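Commentary on secondary and tertiary structure
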Amino acid sequence: MAEHRQLQRAALLDAARSLLTEGGMDALTFPALAARTGLARSSVYEYFGSRAAVVEELCAVDFPLWAAEIEAGMAACESPAARVEAYVRGQLALAGDPRHRAVTAISMLELDEAARERIRASHAELVSLVVRALRDLGHAQPRLAAALLQGVVEAAVRQAEHAPADDAGTIADATVAFALHGLVTEVATATAAEAAAPAAETA
């Protein structure tokens, strides 16, 4: 019986991943979960009391796997800058992954404080992956820089989710440039290009 319930719970989580990928939070309903798994709607409530509970468990199961992929990509890099780039690109590459849908869906739900604390702890573990790389790059406040960088990455992920697939590379490149060089470099480059344009015209 315990094994059967475990299999049914896993099937519900798989169905939830698919629904989130196909239609976001609007698609994640108990009738849809029941239809995907062949369970009665009342049976779904035996496993999860709410949509929030489904997404919370998806995060608990999938977030460590997602973070491990990011960590593995960073570990393969030799320089601090390359590790920061892997951190950024790894998250953006996973933006279309069904596991990531569960993580982003959290912001759309009302969760109790205990659930929010667990999710904050998971995010803190992810952010901690890049602290050492930022310290090695010479940041005076690497933990603050890591938290700010994660905010930039999450903004880029949201941008990528609503942009054409062809824009994914451009968004990733811009986010990496921002992470490694900041706005000053971007503004300086643009200003230099604008200053060079009239000179080129008069040459």
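Above this text you will find the structure in question.
Residues numbered from 1 in each chain as written. Predicted model: local features only at pLDDT ≥ 70, side-chain atom pairs only at ≥ 80, totals over all residues. Heavy atoms only, no water.

**Some points on the nonpolar core**
Basically, it comes down to this: The nonpolar core is taken to be a set of buried Ala, Val, Leu, Ile, Met, Phe, Trp, Tyr and Cys residues, with the residues joined through side-chain atoms within 4.5 Å. Only protein chains enter the area calculation, which uses a 1.4 Å probe; residues under 20% of their type maximum are buried, those over 50% are exposed, and those in between are partly exposed. Starting at the N terminus, helices and strands are each numbered in turn, a helix being any DSSP run of H or I of at least four residues and a strand any DSSP run of E of at least two. Whether two residues are in contact is decided by their heavy atoms, any of which lying within 4.5 Å being enough.
Ranked by internal contacts, the top residues of the largest apolar core, which has 27 residues, are Tyr87, Val88, Leu126, Val130 and Leu149. Elements with a contribution of two residues or more to this core: α4 (51–75), α5 (80–93), α7 (113–136), α8 (142–161) and α9 (168–202). Non-local contacts of Leu149, meaning those with residues more than four positions away in its chain, are made with Val84, Tyr87, Val88, Val130 and Ala179.

**A closer look at helix α2 (residues 30–37)**
Using the following cut-off: By the criterion applied in these results, polar contacts are pairs of N or O atoms within 3.5 Å in which, for protein atoms, one can donate a hydrogen and the other can accept it, and in which residues neighboring in sequence qualify only through two side-chain atoms.
Those residues of α2 lying buried are Phe30, Ala32, Leu33, Ala34 and Thr37. Buried residues in α2 make contact with α1 (2–23), α3 (41–47) and α4. Sitting at the amino-terminal end of α2 is Thr29, which places a side-chain oxygen 3.1 Å from the backbone nitrogen of Ala32.

**Considering the packing of aromatic side chains**
Inclusion rule: The criterion for an aromatic pair is that two Phe, Tyr or Trp rings (for Trp, the six-membered ring) have centres within 6.5 Å, with stacked assigned to planes under 30 degrees apart, edge-to-face to planes over 60 apart and tilted to the rest. Ring-over charges, as used throughout, are those where CZ of Arg or NZ of Lys falls within 6 Å of the ring centre and within 35 degrees of the ring normal.
Tallied over the entire structure, the rule returns 2 aromatic pairs. Measuring from centroid to centroid gives 4.4 Å for Phe30 and Tyr45, while their planes differ by 50 degrees, and the two rings are tilted. Note that Phe30 is positioned in helix α2 and Tyr45 in helix α3, a separation of 15 residues in sequence. Note on Phe63 and Trp66: the rings are 5.2 Å apart at their centroids and 75 degrees apart in plane angle, and the pair reads as edge-to-face. Pair noted here: Phe63 and Trp66 are both in helix α4, with a separation of 3 residues, about one helical turn. Here Phe63 matches Trp66 in class, with each residue buried. When the ring centre of Tyr47 is taken as origin, the NZ or CZ atom of Arg5, which lies over that ring, is 4.4 Å away.

**Observations concerning α1**
Rules: Residue count minus one, scaled by 1.5 Å, sets the expected span of a helix.
Spanning 22 residues, α1 covers 31 Å between terminal C-alpha atoms, matching the ideal 32 Å at 1.5 Å per step. Along α1, the residues classified as buried are Gln8, Leu12, Leu13, Ala15, Ala16, Arg17, Leu19 and Leu20. After α1 finishes, the residue Gly24 shows a positive phi value of roughly 70 degrees.

**Focus on the pattern of salt bridges**
Filter applied, for reference: Salt bridge criterion: a side-chain nitrogen from Lys or Arg within 4 Å of a carboxyl oxygen from Asp or Glu.
Counted under the stated rule, the structure contains 8 salt bridges. With a shortest N-O distance of 2.5 Å, Arg36 and Glu22 are connected by a salt bridge. Taken as a pair, Arg36 in helix α2 and Glu22 in helix α1 lie far apart in primary sequence, 14 residues in all. The residue Arg89 makes a salt bridge to Glu85 at a minimum N-O spacing of 2.7 Å. Of the two residues, Arg89 and Glu85 both sit in helix α5, 4 residues apart, roughly one turn of that helix.

**A word on the side chain of Gln150**
Relative to the assigned elements, Gln150 resides in helix α8. Assessed through its relative accessible area of 4%, Gln150 is described here as buried. A distance of 2.5 Å separates a polar atom in the side chain of Gln150 from a polar atom in the side chain of Tyr87. Once you skip the residues sitting within four places of it in the chain, Gln150 turns out to touch Tyr87, Gln91, Leu126 and Val127.

**Concerning the packing of α1 against α2**
The test is simple: Axis definition: a line fitted to C-alpha atoms, over the contacting stretch in the case of helices. Angles run 0 to 180 degrees between N-to-C directions. Any angle that is under 35 degrees is reported as roughly parallel, and any over 145 degrees as roughly antiparallel; angles of 65 to 115 degrees are reported as roughly perpendicular and all others as oblique. Put simply, a crossing is left-handed when the front helix is turned counterclockwise from the back one by less than a right angle, and right-handed when it is turned clockwise.
Where α1 meets α2, the closest approach of the two axes is 9 Å, and the angle between their N-to-C directions is 120 degrees. By the angle class used here, α1 and α2 are oblique. Here α1 runs over α2; the crossing is right-handed. Contacts from Ala11, Leu12, Ala15, Ala16, Ser18, Leu19 and Glu22 in α1 reach Ala32, Leu33, Arg36 and Thr37 in α2.

**Structural notes on the side chain of Gln8**
Structurally, Gln8 is set in helix α1. Since its relative accessible area comes to 16%, Gln8 is described here as buried. In this structure, Gln8 is in contact with Leu39 and Tyr47, ignoring residues within four places of it in sequence.

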